[in-house]
Amino acid sequence: MKQLALVIDLYKCVGCHACAVNCKSWNSTGQFGPLKDHDPYGKEPTGVWFNRVQTYEVGSFPDTQVINFPKSCMHCADAPCVSVCPTNASFKREEDGIVLVNYDDCIGCKYCSWACPYGCREFDEFEGVMKKCTLCVDRIYNTDLPEDERQPACVLSCPTRARVFGDINDPQSEASKAISKGMGYKLMPDSGANPSNHYLPHRKVSVKVDDDEITVKKQGAIKAVRRKVDVEEVVIEDFGIGG
Amino acid sequence: MSPEYSIILLTVFAGAGQGLFACLVAGDALGFITGAPMDINIMLTGAAVSLGMTIAGVGSSFLHLTHPERGIKTIKQWKKSWLSLEAILLPVFMGFVALYGILAYYGADTSLRLIAGGLGVVSAMALYLASGMIYAAVPYIKEWSTPYTPINFTMIGLASGGALQVGLLRFFNGPHITSIVMIAGLFAVTFTAMVIKLAYYLRNRRLYQPLTIQSALGINHPDIVLMDMGTGYMHYNTKEYDYKGYQNSRGTIRIASIALLFILPLALMTFDYMPLFNGDSAVAVGGGVLALITAVSMIAGALMERWLFFVDGSHAQNLYYGGSKDFAAPNPILQASKKGAPLPPG
């Protein structure tokens, strides 16, 4: 069975948020209608984003790694959000495995968002329906677009090509090749949801920093001195895949 | 989880309504067996109060939905969604309660009335199971995903409804034997409910969370800290799943809920109903006022208990925000910019 999904390379991702912005841009203007924000230019802006990029620091200072982590709907093979929906507004397409929400059937009970372990469903308070990543289903089959643009908006906008789109069940697809070549893994493999999106592991980048380049403030609070750090050696090694 | 007040009202009020009806039918059957039938006023008032409370609960649950006009579509998925089953069972239960009331009002045959009541009790029990399983079937909220959840819903619903039924029996001076049996039963149910609830709290204190931030991100390192959640302000996922309100008062609310839901009712019951066991079938002290206080105290306690049930729930997706328990780890850059202080270098 065909299963379209994204493969995201955490080593290539620079955390520019272009995928999130282009996602929001396309989905505010695409065929699914607007995606409004509350207080967009105020102090407390909030609204639905299908794709969010979070940044994590791994390790303890000064031996740390920054990992930018884009996360959107995983289009799970055993999507828990679909089975709990009382109206079948959430459904998984047979033909390509995309999980979608029928906005005309959603009653706004939010039960599907409770059932999602990844927190990838967001409630649109303006329309009162649950929304989520559509994998740009209104782009990828859109014959009005040139053929090379029939891809999700996030994939097109990624400047480092950290995102690959394709059928993960087809061993010949770009996505499957990226998974097998780059040791792609799934998030929360023991969640039982069997997510389709895969991540390629971050690899450790070692930068040698001398002791005199670090000041330790009292009471354990530490902070780096901002000065030019000469990169003496860059070691690339496997960072380890969790599970 | 953030407390959904409409759902709290639904589960508490509909739960008490179901419990009241179950106890009413039990009392009715007991009267039929012992040959000391219950007053028709008790049946009519009981059915009306039960129906009223369930309707109040359903009305409040509609406030939770943003599109209640599409509610009829929920009947489609009864095979796979507990929520759908609950939406079907609620009107079924209300129908049986109304039928029971109508049969009692027109003085229909006792066995006919008891059959309608019995079917109503079956639907009430199925409804407890369905409403409890809505929460117990979410594996990513470990506090909810346990058989304790539906059992708790059932026991607390039966106890608060039973208190209402005993209040009615006292108010209308119901048959002596029925009163004695119902009070003894209520005492046992309330006590069992307390034991189960305390066991549930103990279970949650040492809960094992199999999902970790390491498996959530797929990064095998013990120290992972969220630096930037991608947005400058809260959004749906952080608001819905990480409720930080009343954090300091939760312990007090927990003690108050146990006191109001179990301790005070048990004490009041002992005080109010002891004369009955001594063969004194006279109207209770103050004509059932103490029984009414018991019921009100139980419902107030149940509202607190349900609120705690929601806020205790910790969703697995909170792992993405720095850990399931304390995602509140302050972001130094965000904090500094909020206070107007200069940004730290970097």
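Rules of the game
- Residues numbered from 1 in each chain as written.
- Chains lettered and ligands numbered in written order.
- Predicted model: local features only at pLDDT ≥ 70, side-chain atom pairs only at ≥ 80, totals over all residues.
- Helix = DSSP H or I, 4+ residues; strand = E, 2+ residues; numbered from the N terminus.
- Buried ≥ 20, exposed ≤ 12 C-beta atoms within 10 Å, placed from the backbone.
- Contact = placed C-beta atoms within 7 Å.
- Axes fitted to C-alpha atoms, helices over the stretch in contact; angles between N-to-C directions.
- Parallel < 35°, antiparallel > 145°, perpendicular 65-115°, else oblique.
- Left-handed = near helix turned anticlockwise from the far one by under 90°.
- Nonpolar A, V, L, I, M, F, W, Y, C, P; charged D, E, K, R; others polar.
- Pairing = 2+ DSSP bridges.
- Arc of directions from axis to C-beta.
- pLDDT = per-residue confidence, 0-100.

1. Considering the overall build of chain A
Link 1 in the chain: Within chain A one finds six helices and 15 strands.
Link 2 in the chain: Within chain A, the proportion of its 243 residues that are buried is 44%.
Link 3 in the chain: Sequence-distant contacts in chain A: of pairs separated by 6 or more residues, those separated by 24 or more amount to 58%.

2. Let's talk about the overall build of chain B
Link 1 in the chain: When you go through chain B residue by residue, the secondary structure sums to eleven helices and one strand.
Link 2 in the chain: Mapped from its N terminus to its C terminus, chain B presents α and β elements in the order α-α-α-α-α-α-α-β-α-α-α-α.
Link 3 in the chain: Relative to its full complement of 346 residues, chain B shows a buried share of 49%.
Link 4 in the chain: Contacts in chain B between residues far apart in sequence, at least 24 positions, make up 77% of those at least 6 positions apart.

3. Focus: the packing of helix H4 (residues 110–136) of chain B against helix H5 (residues 148–171) of chain B
Residues and elements named next belong to chain B.
Link 1 in the chain: Here H4 crosses H5 at 140°, and the two axes come no closer than 7 Å. As far as their axial angle goes, H5 and H4 are oblique. Crossing geometry of H4 relative to H5 is assigned as right-handed. Contact with H4, carried on its side by Tyr 128, Leu 129, Ser 131, Gly 132, Met 133, Tyr 135 and Ala 136, involves Thr 149, Pro 150, Phe 153, Thr 154 and Gly 157 of H5 and no other residues of that element.
Link 2 in the chain: Of the residues belonging to the contact of H4 with H5, the class tally is seven nonpolar, five polar and no charged.

4. Observations concerning the environment of A:Thr29
Residue and element names in this part refer to chain A.
Link 1 in the chain: Within the secondary structure layout, Thr 29 lies in helix H1 (residues 18–29).
Link 2 in the chain: The exposure class assigned to Thr 29 is exposed, which follows from the 11 C-beta atoms found within 10 Å.
Link 3 in the chain: Separated by 67 residues in the primary sequence, Thr 29 and Asp 96 place their C-alpha atoms 24 Å from one another.

5. Looking at the pairing of strand E1 (residues 4–9) of chain A
Residues and elements named next belong to chain A.
Link 1 in the chain: Along E1, six of the six residues are buried, which leaves the element largely enclosed by surrounding structure.
Link 2 in the chain: Neither face of E1 is open: one carries Leu 4, Leu 6 and Ile 8, the other Ala 5, Val 7 and Asp 9, and all of them are buried.
Link 3 in the chain: Here E1 pairs with strand E10 (residues 163–167) via five bridges, running antiparallel. For Leu 4, the partnering residue across the bridge sits in E10 and is Asp 167.
Link 4 in the chain: The pairing of E1 with strand E11 (residues 198–200) spans three bridges and is parallel. Residue pairing across strands places Val 7 opposite His 198, the latter belonging to E11.

6. What about the interface of chain A and chain B?
Link 1 in the chain: Taken residue by residue, the interface counts 56 residues in chain A and 52 residues in chain B.
Link 2 in the chain: Looking at the side of chain A that touches chain B element by element, the count peaks at seven residues for strand E4 (residues 52–58) of chain A.
Link 3 in the chain: Taken together, the residues of the side of chain A that touches chain B sort by class into 29 nonpolar, 18 polar and nine charged.
Link 4 in the chain: Alignment of E4(A) against strand E1 (residues 224–228) of chain B, held across four bridges, turns out to be antiparallel. Residue pairing in the sheet places A:Thr55 in a bridge with B:Asp228 of E1(B).

7. Observations regarding the sheet that holds E11(A)
All names here are of chain A.
Link 1 in the chain: Across the sheet, three strands lie side by side as E10-E1-E11; this open sheet has mixed pairing. Lying at the two open borders of the sheet, with one neighbouring strand each, are E10 and E11. Here the strands of the sheet are splayed against their neighbours by 25° on average, with no regard to which way each runs.
Link 2 in the chain: Contacts between helix H6 (residues 174–182) and the sheet are confined to E1, E10 and E11, with E10 contributing the most and set at about 120° to the helix.

8. A closer look at unusual backbone geometry
Link 1 in the chain: The phi dihedral of A:Asp39 is positive, around 55°, even though this residue is not glycine.
Link 2 in the chain: Unlike most non-glycine residues, B:Asn173 shows phi in positive territory, near 55°.
Link 3 in the chain: Checked against the element boundaries, B:Asn173 lands in the loop between H5 and helix H6 (176–205).
Link 4 in the chain: The partly exposed category is assigned to B:Asn173, around which 17 C-beta atoms lie within 10 Å.

9. Considerations on the environment of A:Trp114
Link 1 in the chain: By the secondary structure assignment, A:Trp114 is in helix H3 (residues 111–115).
Link 2 in the chain: On the basis of neighbour counts, which here come to 25 C-beta atoms within 10 Å, the residue A:Trp114 falls in the buried class.
Link 3 in the chain: Counting along the chain gives 33 residues from A:Trp114 to A:Cys81, while the straight-line C-alpha distance between them is 8.0 Å.
Link 4 in the chain: The contact partners of A:Trp114, leaving out residues within four places of it in the chain, are B:Val138 and B:Ile141.

10. Remarks on H6(A)
Residues and elements named next belong to chain A.
Link 1 in the chain: Every buried residue belonging to H6 is among Ala 175, Ser 176 and Ile 179, and all of these are buried. Buried residues of H6, seen end-on, are gathered within an arc of 100° and therefore sit on one face of the element.
Link 2 in the chain: Met 183 lies just past H6 and shows a positive phi near 55°.

11. Here we look at the sheet that holds E1(B)
Link 1 in the chain: Strands sit in the order E5(A)-E4(A)-E1(B) across an open sheet of three strands; the sheet is antiparallel. Each of the sheet's edge strands pairs with one partner strand only, and the pair in question is strand E5 (65–71) of chain A together with E1 of chain B. On average, each strand axis in the sheet is inclined to that of its neighbour by 35°, with strand direction left out of account.
Link 2 in the chain: Where E4(A) lies against E5(A), seven bridges are found, and the strand directions are antiparallel. Its bridge partner being in E5(A), A:Glu57 is matched across the sheet by A:Val66.

12. Brief notes about the environment of B:Val138
Link 1 in the chain: Along the chain, B:Val138 turns up in the loop between H4 and H5.
Link 2 in the chain: Taking C-alpha positions, B:Val138 is 20 Å from B:Leu89, a pair spaced 49 residues apart along the chain.
Link 3 in the chain: In this structure, B:Val138 is in contact with A:Trp114, A:Ala115, B:Trp144 and B:Ser145, ignoring residues within four places of it in sequence.

13. Overview of the confidence of the model for chain A
Link 1 in the chain: Looking at chain A, the pLDDT average stands at 87 and 86% of residues meet or exceed 70.
Link 2 in the chain: This stretch, residues 226–233 of chain A, has a pLDDT under 50; its non-local contacts, to residues over four places away or in other chains, come to ten contacts.

14. Things to note about the confidence of the model for chain B
All names here are of chain B.
Link 1 in the chain: Looking at chain B as a whole, the pLDDT averages 87, with 89% of positions reaching at least 70.
Link 2 in the chain: Every residue in residues 323–346 scores below 50 in pLDDT, and together they form 27 contacts with partners more than four places removed in sequence or on other chains.
Link 3 in the chain: Scoring of the predicted complex yields 0.87 for pTM and 0.87 for ipTM.

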